[in-house]
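Observations on the three-dimensional arrangement
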Amino acid sequence: MHTRQIIAAAVIGLSTAVGSAAYAADNDTGSGKPKQSVGEYTSDAVVTTKVKAAIVAEKSLSALDIAVETNNGVVTLTGTVATAAQSDNATHVARGIEGVKQVKNNLKVDPSKSKK
């Protein structure tokens, strides 16, 4: 259990650092105005972090296999999981997070990823 908490903390910290850098790099749309307001971006970053933490806490899912991105409350899941049930579970977990308006599940199912 302690290992999962360490992994969750690492994922959350890394996602915050990478997300901030990506936002800063993608901030200018040519008009000098950000694509999202600071409040919208902060809210999306919080939603992304909460979804990632919930995926880490879900024993049947691997946070290393699922990427999470949020834009205006719409969460997009990408990556590869072993079963359709895991894909459905990831969607269910994401929908349960406050602030999620919609979930786009772009996860691919690859049975070769199942643990043997």
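Read on for an overview of the structure. Because the structure is predicted, anything quoted here is derived from the model rather than measured. (Residues numbered from 1 in each chain as written. Predicted model: local features only at pLDDT ≥ 70, side-chain atom pairs only at ≥ 80, totals over all residues. Heavy atoms only, no water.)

So, on to the pattern of salt bridges. Evaluated as defined, the whole model comprises 1 salt bridge. Close ionic contact of Asp 65 with Lys 113 constitutes a salt bridge, the shortest N to O distance being 3.4 Å. Placement of Asp 65 in the loop between helix H2 (38-57) and strand E1 (66-71) and of Lys 113 in the segment after strand E3 (102-109) is noted, with a sequence separation of 48 residues between them. (Salt bridge = Lys/Arg side-chain N within 4 Å of Asp/Glu carboxyl O. Helix = DSSP H or I, 4+ residues; strand = E, 2+ residues; numbered from the N terminus.)

Here 3 strands make up an open sheet; going across it, the order is E1-E2-E3 and the pairing mixed. The two strands at the open ends of the sheet, each matched to only one other strand, are E1 and E3. Shown here is a sheet whose adjacent strand axes are inclined to one another by a mean of 10°, direction ignored. Its contacts with the sheet put helix H3 (residues 84-95) on E1, strand E2 (74-81) and E3, and the angle it makes with E3 is roughly 160°. (Pairing = 2+ DSSP bridges. Axes fitted to C-alpha atoms, helices over the stretch in contact; angles between N-to-C directions. Contact = heavy atoms within 4.5 Å.)

Below, the discussion takes up the nonpolar core. Grouped together as the largest cluster of nonpolar side chains are 16 residues, with contacts concentrated most on Val 51, Ile 55, Ile 66, Val 68, Val 75, Leu 77 and Val 100. Looking at this core, the elements with two or more residues in it are H2, E1, E2, H3 and E3. Non-local contacts of Val 75, meaning those with residues more than four positions away in its chain, are made with Val 47, Val 51, Val 68, Glu 69, Thr 70, Ala 94, Val 100, Gln 102, Val 103 and Lys 104. (Core = buried A, V, L, I, M, F, W, Y, C linked by side-chain atoms within 4.5 Å. Buried < 20%, exposed > 50% of the residue type's maximum accessible area, 1.4 Å probe, protein only.)

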